[in-house]
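Listed below, chain by chain, are the residues.
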Amino acid sequence: AQKITQTQPGMFVQEKEAVTLDCTYDTSDPSYGLFWYKQPSSGEMIFLIYQGSYDQQNATEGRYSLNFQKARKSANLVISASQLGDSAMYFCAMRPPNAGNMLTFGGGTRLMVKP
Amino acid sequence: DVKVTQSSRYLVKRTGEKVFLECVQDMDHENMFWYRQDPGLGLRLIYFSYDVKMKEKGDIPEGYSVSREKKERFSLILESASTNQTSMYLCASRAGGLFGELFFGEGSRLTVL
């Protein structure tokens, strides 16, 4: 069974600083996809970034980048230049190829950006 | 933009009542999902559907059923609501293919008294 672990239930970061949200996963499949989603207080889940297990480079999307370390089975999200609007819950998720449409989520990290 | 709409943002029901949670997507996606979100547990998959009238159990299907009579609509049904089903319920849809992203609705917060 696949498992996603986010060890930080909550984090503070100063506005304009960078922050790293941790995510580790456990799978025996060589091919899989990793996702990060943001959930603001409104409740909607917003897709941020995707990393494929065979991608040669770490994914980046604007201020978001994914620090993918395959051997360590970690896929940490890095947010540069934090903004007040970044305050939200962040979820790491994984979809292995042989699990059909199943997407496994971690427990989430609540990020709070201080002005 | 993809739009996933959940019919109710907040519901309060009594133990034993039958509860329907409706979800509609407007992008002709084949795949639709129902998740339950609880603090510290993240999102857990209840059921998903990859086609009309098709459904598959997720990680926690007990106490729930689903219906997909039309491609755009996926309903979650609690036949007899219980207090341990008090939670946030999130619907999502996804196009075909292996690694496409999920598009989520805004969630339905259900309280069972």
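See above for the structure.
Right, let's walk through the structure included here. (Residues numbered from 1 in each chain as written. Chains lettered and ligands numbered in written order. Predicted model: local features only at pLDDT ≥ 70, side-chain atom pairs only at ≥ 80, totals over all residues. Heavy atoms only, no water.)

**Re the sheet that holds strand β1 (residues 4-6) of chain B**
Residues and elements named next belong to chain B.
Point 1. Spatially, the 4 strands line up as an open sheet ordered β1-β3-β8-β7, and their pairing is antiparallel. Of all the strands in the sheet, the pair left with one neighbour each is β1 and β7 (65-70). Between one strand axis and the next, the sheet turns through 20° on average, direction left out of account.
Point 2. Pairing of β1 with strand β3 (residues 19-25), which is carried by 3 bridges, proceeds in the antiparallel orientation. By the bridge assignment for β3, Thr-5 is matched with Val-24. (Pairing = 2+ DSSP bridges. Helix = DSSP H or I, 4+ residues; strand = E, 2+ residues; numbered from the N terminus. Axes fitted to C-alpha atoms, helices over the stretch in contact; angles between N-to-C directions.)

**Quick word on the interface of chain B and chain A**
Point 1. Residue-level contacts link 25 residues of chain B with 21 residues of chain A.
Point 2. Joining chain B to chain A, the criterion identifies 0 salt bridges.
Point 3. Remark: the boundary between chain B and chain A carries 4 residue pairs in polar contact (both at pLDDT 80 or more).
Point 4. Of all elements in the fold, only β4 (31-38), β5 (42-49) and β9 (87-94) of chain B reach the threshold of two or more residues within the side of chain B that touches chain A.
Point 5. For the side of chain B that touches chain A, a count of residues per class yields 12 nonpolar, 7 polar and 6 charged. (Contact = heavy atoms within 4.5 Å. Salt bridge = Lys/Arg side-chain N within 4 Å of Asp/Glu carboxyl O. Polar contact = N/O pair within 3.5 Å; in protein donor to acceptor, adjacent residues only side chain to side chain. Nonpolar A, V, L, I, M, F, W, Y, C, P; charged D, E, K, R; others polar.)

**Side note on the pattern of salt bridges**
All names here are of chain B.
Point 1. Under the defined criterion, the tally for this structure stands at 9 salt bridges over all chains.
Point 2. A salt bridge links Arg-44 to Asp-38; its shortest N-O distance comes to 2.8 Å.
Point 3. Residue class for Arg-44 comes out partly exposed when judged on its relative accessible area of 24%.
Point 4. By relative accessible area, which is 11% here, Asp-38 ends up buried.
Point 5. A single network of salt bridges, built from pairs that share partners, joins Arg-36, Asp-38 and Arg-44. (Buried < 20%, exposed > 50% of the residue type's maximum accessible area, 1.4 Å probe, protein only.)

**Comments concerning the pairing of strand β9 (residues 74-79) of chain A**
All names here are of chain A.
Point 1. Taken across its 6 residues, β9 has 5 buried, putting it largely inside the fold.
Point 2. Sheet analysis places strand β3 (residues 19-21) next to β9, joined by 3 bridges and oriented antiparallel. Bridge pairing in β9 links Thr-20 to Val-78.
Point 3. Where strand β8 (residues 64-69) and β9 come together, 6 bridges link them in antiparallel fashion. Bridging across to β9, Asn-67 finds its partner in Asn-76.

**Quick word on the packing of aromatic side chains**
Point 1. As enumerated under the stated definition, the model contains 14 aromatic pairs over all chains in all.
Point 2. Ring centres of Phe-105 of chain A and Phe-104 of chain B lie 6.2 Å apart, and the angle between their planes is 75°; on these two criteria the pair is classed as edge-to-face. On the criterion of chain membership, the pair formed by Phe-105 of chain A in strand β11 (residues 104-105) and Phe-104 of chain B in strand β10 (residues 103-104) is interchain, its members lying in two chains.
Point 3. Residue Phe-104 of chain B is classed as buried on the basis of its relative accessible area of 4%.
Point 4. Through pairs of rings, three or more aromatic residues link up here, namely Phe-35, Tyr-37, Phe-47, Tyr-50, Phe-91 and Phe-105 of chain A together with Phe-33, Tyr-35, Phe-48 and Phe-104 of chain B. (Phe/Tyr/Trp six-rings, centres within 6.5 Å; stacked < 30°, edge-to-face > 60°.)

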